[in-house]
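Now for the letters of each chain:
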Amino acid sequence: MSEQAVGAYATREDVAHALTTGGVLKTGWLDAYARVPRQAFLPDTIWPYDMVAGRAVHVSRTEDAQAWRGYADADVPVVTQWDDGEHAGREPGRVPTSSASMPSVVFRMLDALTVDDYCRVLEIGTGTGWNAALLAHKVGEGNVVSVEVDEAVANRARDALAHFFGAPVEVIHGDGRAGAPGRGVFDRVIATCGVREIPYAWVEQTRPGGVIVAPWGTGFTNADAVVRLTVDPEGNSASGRFLGPVEFMKLRVHRAAPVDHEAYVPGPLPAPDTTASEAARALSTADRFSPLTFALGLRVPACTYIAAEKVHGTQPHWLYSRNDRSWACALVEDGQPATRVWQRGRRRLWNEVEAAHAWWVERGRPGWGRFGVTVWGEGERVWVDEAGERV
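What this report covers is the structure whose coordinates are included nearby. (Residues numbered from 1 in each chain as written. Predicted model: local features only at pLDDT ≥ 70, side-chain atom pairs only at ≥ 80, totals over all residues. Heavy atoms only, no water.)

1. A few points about the packing of aromatic side chains
Evaluation of the coordinates by the stated rule reveals 15 aromatic pairs. Ring geometry for F107 against W130: centres 6.1 Å apart, planes inclined by 80°, an arrangement best described as edge-to-face. One end of the pair, F107, is in helix α5 (residues 103–113); the other, W130, is in helix α6 (residues 130–139), and 23 residues separate them in sequence. Judged by its relative accessible area of 3%, W130 is buried. Between F294 and F371 the ring centres are 5.6 Å apart and the planes differ by 70°, which places this aromatic pair in the edge-to-face class. Taken together, the residues F294 in helix α11 (residues 291–299) and F371 in strand β18 (residues 371–376) connect sequence positions 77 residues apart. On the basis of relative accessible area, F294 is assigned to the buried category, the value being 9%. According to the relative accessible area criterion, F371 is buried, its value standing at 0%. Among the aromatic residues, ring-to-ring pairing joins W216, F242, F294, W359 and F371 into one connected group. The ring of W68 has R61 lying over it, and the distance from NZ or CZ to the ring centre is 4.0 Å. (Phe/Tyr/Trp six-rings, centres within 6.5 Å; stacked < 30°, edge-to-face > 60°. Helix = DSSP H or I, 4+ residues; strand = E, 2+ residues; numbered from the N terminus. Buried < 20%, exposed > 50% of the residue type's maximum accessible area, 1.4 Å probe, protein only. Lys NZ or Arg CZ within 6 Å of the ring centre and 35° of its normal.)

Below is the structure:
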C-alpha cells in the first residue's frame, strides 16, 4: 500500500476534530475516543474501504505498518472477516461478515443510546470488540455484555478486551436474536448488525423506560436506518423513530440470498410497455441512502431492488420478488420522457412501486424521522408521523 493512499486519510487527531466540530463526537464520548483507539482491536490483516479507490483494499501491518495505522485511525469501515471465515488470500471475499464500523457511525449510535455512568448495556454483534470497549470505558467493564454469533470472532474480541482492560468484558458466543438469557435486565441494548425485524427478546431484556438502538431495514436495498426505541412503562412493547441512514452487515438469519437473475429472467425480454413514470425518474436520481428507497421498501414488501450500472445514458432498474419469481425492469434513458417497463409474474412489481411512490409524494416525501416502529410480543408495526398510521 502506497504512502500516497494513506495520505488521503486524516490522522486520528484530525478525525477527532472533524467529528467534534461536526457534532458527531459529543463531550460525553471524548474521553472514550481518546483512550480507546480502534487500532487496539484490529487484526494484523484488514480490508479497509479506500475512499479514493472506491473499494475495500488489503492492508497488512507486517507489510506496511504506516498504511495499517493510517487506515485504522481513519473514518472508514474496516472489514476484518469475509465469508464467515472461509475466505483466504489477499483479495476481498464475496461477502463481508465482520468489521469495525467507521467512527462517525459508531459515535452517532452511541450518542443515540444515551448511556449514563454504570448503565448495564447489552450489545448484539461484538465484531472486533471496539464498540464494547468504548461502552466499557464509559459504564464499566462489568456492565457490558456482548453477544457474537461467530465463535472465532468472539474469541478474538474476548482476548482483545481482556488485554486492553486487564479484566474480561463478558463476550457470549451465541445467536444475538435471543439477547443474553440469564444475564438479567439491561438499561440499554445496541445492535451493531442490521436487522429486518426487532427480536422481541431484546424488549423483554430491557427495563421499562430503557432504550434499544439498532440498524433496521426492509431488504428492498442493503441499506438500513438507525431506529431508537423506548420500552414502555409496563415493559410489554417498545416504540420509537428512525434517526437516519446507515449500512451494516446483517444478523446472519436476516441475510438475504443473492438474486439469481437467470432464474427470474431465463430468456430474452418480452415486449415492454411504455409509460411516463415519475417513480422511475425519481429512482434514477436517488442514491442508495435515499428516503425514497426506504419508503418504497416499506410499501413494497418481500422485494429486492437493484439499479444496474448506467451505460451511455441508459440505466435499468430491476425488481425481484422474494416470495415468487415475479420481476420487473424499468429502463430510464437520458433525454427520453417515456420509460420502457417490463414485468412478469403474479406480482406486478412496477405497479406496486408506482403506487408506493405516489403514496410517498402525497405525504410530502417524508424522510426517516417521520417513520417509526412499534414492537410487541406478536410482531412489529411500522408507522408514519403517528404510531396509529400504519405504513
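2. Some words on the sheet that holds strand β15 (residues 314–321)
Here five strands make up an open sheet; going across it, the order is β13-β17-β16-β15-β14 and the pairing antiparallel. The open sheet is flanked by β13 (273–275) and β14 (303–307), the only strands paired with a single partner. The average angle at which neighbouring strand axes cross in this sheet is 20°, direction not considered. In this sheet, strand β17 (residues 339–344) lies alongside β13 in antiparallel orientation, the contact comprising three bridges. Note that in β17 the partner of D273 across the bridge is V341. Packing of helix α10 (residues 278–285) onto the sheet brings it into contact with β14, β15, β16 (327–333) and β17, and relative to β16 it is tilted by some 75°. (Pairing = 2+ DSSP bridges. Axes fitted to C-alpha atoms, helices over the stretch in contact; angles between N-to-C directions. Contact = heavy atoms within 4.5 Å.)

3. Observations concerning empty space enclosed by the protein
What the rule picks out here adds up to two cavities of 30 Å³ or more. There is about 100 Å³ of room inside the largest cavity. Lining the largest cavity are 14 residues; nearest its centre among them are T221, A223, D224, T293 and F294. The residue makeup of the lining of the largest cavity, split by class, is six nonpolar, six polar and two charged. The volume enclosed by the second largest cavity comes to roughly 50 Å³. R12, Y33, R38, A72, D73, P103 and W130 together form the lining of the second largest cavity. Here the residues of the lining of the second largest cavity are counted per class, giving four nonpolar, no polar and three charged. (1 Å grid on protein atoms, 1.4 Å probe; cavity = no way out; pocket = protein on both sides within 12 Å on 5 of 7 lines; lining within 4 Å. Points joined across faces, edges and corners; volume = space filled by probe spheres on them. Nonpolar A, V, L, I, M, F, W, Y, C, P; charged D, E, K, R; others polar.)

4. Here we look at the pairing of strand β10 (residues 206–216)
Most of β10 sits inside the fold, with eight of its eleven residues counted as buried. Here six bridges tie β10 to strand β11 (residues 224–231), and the two strands are oriented antiparallel to one another. Paired with I212 across the two strands is L229, which belongs to β11.

5. Brief notes about α6
Of all ten residues in α6, eight are buried, a share of seventy percent or more. All buried positions along α6 are accounted for by W130, N131, A132, A133, L134, L135, A136 and V139. Looking at the buried residues of α6, the elements they touch are α3 (27–35), α5, β6 (121–124), β7 (144–148), α7 (151–165) and β9 (186–191). In the stretch just after α6, G140 is the one whose phi turns positive, near 105°.

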